[in-house]
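A closer look at the structure
So you can see what is in the structure, the chains are spelled out below.
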Amino acid sequence: MRQIPILGLIAAALVFLADQLSKFFVTDVLGLNTLSGPTIELLPIFRMRFVANEGVSLGLLTAGSDGARWALVALTSVIAAGVLVWMWRERNRQDQVALGLVLGGALGNIIDRARLGYVVDFADLHIGEWSPFLVFNLADAAITIGVLVLLVRAILVRDRPAASVSVENGNA
């Protein structure tokens, strides 16, 4: 019998809540909710500004119509369901948490797209006027971190096999 991936589900819930609260704070409390609105310079390399992202990763698959929007909601929902199934089957707790980060981030962005028609992005890392990254949000950061953890673990970490039978003097 499989155990419920409690840590992964907790990670997903925390990411989802933190993402939605951060978007509410930025758009409603700080009032960064229009493309022509103000920007808030927090650090010499970090500012907050509103971007309505109608696409997915790297601005790909832009949803320019309601049909495309709902197709993106459906596609990303299927992917999120796949991540949930993977998390449920995964035995390694670190991988469950990493998958929880991906799932929570995906759900946060899916809710935005379904509710608003776009994903709220607001975090802008920059060097002077050069922005090497697209404007992103907490959900995007969680997805990226989760995927990186999964990749690093898949490439560099070898889990030890389950306890094996010791063979001494030819006897098993």
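A brief report on the enclosed structure follows.

Thresholds applied
Residues numbered from 1 in each chain as written. Predicted model: local features only at pLDDT ≥ 70, side-chain atom pairs only at ≥ 80, totals over all residues. Heavy atoms only, no water. Axes fitted to C-alpha atoms, helices over the stretch in contact; angles between N-to-C directions. Helix = DSSP H or I, 4+ residues; strand = E, 2+ residues; numbered from the N terminus. Left-handed = near helix turned anticlockwise from the far one by under 90°. Nonpolar A, V, L, I, M, F, W, Y, C, P; charged D, E, K, R; others polar. Core = buried A, V, L, I, M, F, W, Y, C linked by side-chain atoms within 4.5 Å. Buried < 20%, exposed > 50% of the residue type's maximum accessible area, 1.4 Å probe, protein only. Contact = heavy atoms within 4.5 Å. Pairing = 2+ DSSP bridges.

In a pair of packed helices, the angle between the axes and the distance between the axes together describe the arrangement. With their axes 7 Å apart at the nearest point, helix α1 (residues 6-29) and helix α3 (residues 93-116) run at an angle of 35° to one another. Where α1 crosses over α3, the handedness of that crossing is right-handed. Across the contact of α1 with α3, the residue classes break down as 10 nonpolar, 8 polar and 5 charged.

Turning our eyes to something else, we now look at the nonpolar core. If you look at the biggest cluster of nonpolar residues, it comprises 12 residues: Ala12, Val73, Ala80, Val83, Met87, Ala98, Leu99, Val102, Leu103, Ala106, Ile110 and Leu150. Of all the secondary-structure elements, those providing two or more residues to this core are α2 (66-89) and α3. The element best represented in this core is α3, accounting for 6 residues. Every residue in contact with alanine 98, bar those within four places of it in the chain, is listed here: Gly146, Val149 and Leu150. Of all hydrophobic cores here, the second largest spans 8 residues; its members include Leu32, Phe50, Val120 and Ala123.

Now for the pairing of strand β1 (residues 40-43). With 3 bridges joining them, β1 and strand β2 (residues 46-53) adopt antiparallel strand pairing. Paired with isoleucine 40 across the strands is methionine 48, a residue of β2. Once β1 ends, the chain turns through 2 residues before running back antiparallel as β2.

Across the sheet, which stays open at both edges, the 3 strands sit in the order β1-β2-β3 with antiparallel pairing between neighbours. Sheet topology places β1 and β3 (119-125) at the edges, where each strand pairs with a single neighbour. For this sheet, the mean inter-axis angle between neighbouring strands, taken without regard to orientation, is 35°. Packed on one face of the sheet, α1 meets β2 and β3 and runs near 80° to β3. Those strands touched by α3 are β2 and β3, and its axis lies near 125° from that of β3.

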